[in-house]
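# Remarks on the overall topology
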Amino acid sequence: MASIRVQQPEPFDIVGGTVLVAGLGTGFEATLRARVRDANSIELVSTFFMVGGGTGEIAQFHAVMELPETPPTPNGFVEVFEDNAAFPDGPFPGPVAEINKICIPIVFGTSLMPGCVGYRRRIVLNGDSLGGIAQAEYGDSAVWARIHEANRDEIGDPSVLKPGMQLRIPH
């Protein structure tokens with residue numbers, strides 16, 4: 001087993017103003033770090049937490065990170081890693097070695113629509129379009145790009161939806 005396993009968020013989850021991070025892991029002197037970055041790699045918030053007993057025990061962890069403001073990009077990342085600040089000149093370059101880093105892509109719901117609290121799942125049916133889904137979900141077909149942006153991992157060409165696709169609809 002890897003020394004860090006992130007169970008929340010899952011890849012491409014839509015998050016609100018609070019980002020919850022949870023999983024299993026162990027870290028150098030029982031410390032792990034987590035941070036949230038936007039699509040431009042700008043750090044929005046970070047924290048650290050204790051996990052395990054400091055001598056390799058694997059234990060559960062969780063962190064609650066409040067975003068200071070609406071992110072400038074709809075896409076971003078959660079990173080969880082152990083650092084080795086005590087040995088900055090060790091085998092890993094830089095002032096802090098980020099070891100066993102896990103990077104989870106996320107979508108900032110509040111960047112897609114103010115007040116976003118989460119998302120619904122919707123299965124694409126034959127004949128569906130993003131405009132039609134936006135009309136049904138929001139009463140406005142013109143906001144179809146919101147759905148496209150929330151599902152870029154699933155939708156390449158916004159004019160081509162395949163029946164059976166499971167879309168995340170921000171709400």
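Summarised in this report is the structure supplied together with it. Since we're looking at a predicted model, the values are computed, not measured.

## As for the pattern of salt bridges
In the structure shown here, the tally under the stated rule is ten salt bridges. For arginine 120, the salt bridge goes to glutamate 137, with nearest N and O atoms at 3.3 Å. Note that arginine 120 is positioned in strand E9 (residues 119-123) and glutamate 137 in helix H2 (residues 130-138), a separation of 17 residues in sequence. Connected via shared salt-bridge partners are Arg35, Arg37, Glu43, Glu79, Glu98 and Lys101.

## A few points about the sheet that holds strand E5 (residues 43-50)
As summarised here, the arrangement of the five strands in space is E2-E8-E7-E4-E5, forming an open sheet in which the pairing is mixed. The open sheet has two free edges, formed respectively by strand E2 (13-15) and E5, since each of these has just one partner strand. Shown here is a sheet whose adjacent strand axes are inclined to one another by a mean of 30°, direction ignored. Looking at chain direction, strand E7 (residues 75-83) and strand E8 (residues 98-108) are connected through eight bridges and run antiparallel. Along E8, the bridge assignment pairs valine 78 with isoleucine 104.

## Considerations on H2
Residues of H2 that are buried: Leu130, Ile133, Ala134 and Glu137. One face of H2 carries all of its buried residues, which in axial projection span an arc of 100°. Where H2 is buried, its residues touch E9, helix H3 (144-150) and strand E10 (166-170). Downstream of H2 by one or two residues, glycine 139 has phi in the positive range, about 75°.

## Overview of the packing of aromatic side chains
The full count for this structure, using the stated rule, is one aromatic pair. Lying across the ring of tyrosine 138, arginine 146 places its NZ or CZ 4.6 Å from the centre.

Cut-off values and rules
- For every chain, the first residue of the written sequence is number 1, and numbering continues from 1 along that sequence.
- Local features are withheld for residues below a pLDDT of 70 in this predicted model, meaning they are given only at 70 or higher, and side-chain atom pairs are given and counted only at 80 or more; totals for whole chains, interfaces and linings count all residues.
- The side-chain figures draw on all heavy atoms in the structure; neither hydrogens nor water molecules are used.
- What counts as a salt bridge is simple: a side-chain nitrogen of Lys or Arg found within 4 Å of a carboxyl oxygen of Asp or Glu.
- Counting from the N terminus, the helices are the DSSP runs of H or I reaching at least four residues and the strands are the DSSP runs of E reaching at least two.
- If DSSP finds at least two bridges between two strands, the strands pair.
- Throughout, an axis means a line fitted to C-alpha atoms (over the contacting stretch in the case of helices), and angles, computed between N-to-C directions, take values from 0 to 180 degrees.
- Accessible area is worked out with a 1.4 Å probe on protein chains only. A residue is then buried under 20% of its type maximum, exposed over 50%, and partly exposed in between.
- Each direction from the helix axis to a C-beta atom contributes to the arc, which is the arc of those directions.
- In what follows, a contact means two residues having at least one pair of non-hydrogen atoms within 4.5 Å.
- Within 6.5 Å between ring centres, the rings of Phe, Tyr and Trp (the latter by its six-membered ring) count as paired, and their orientation is classed by plane angle as stacked under 30 degrees, edge-to-face over 60, tilted in between.
- We call a charge positioned above a ring when the Lys NZ or Arg CZ atom is no farther than 6 Å from the ring centre and deviates by at most 35 degrees from the ring normal.

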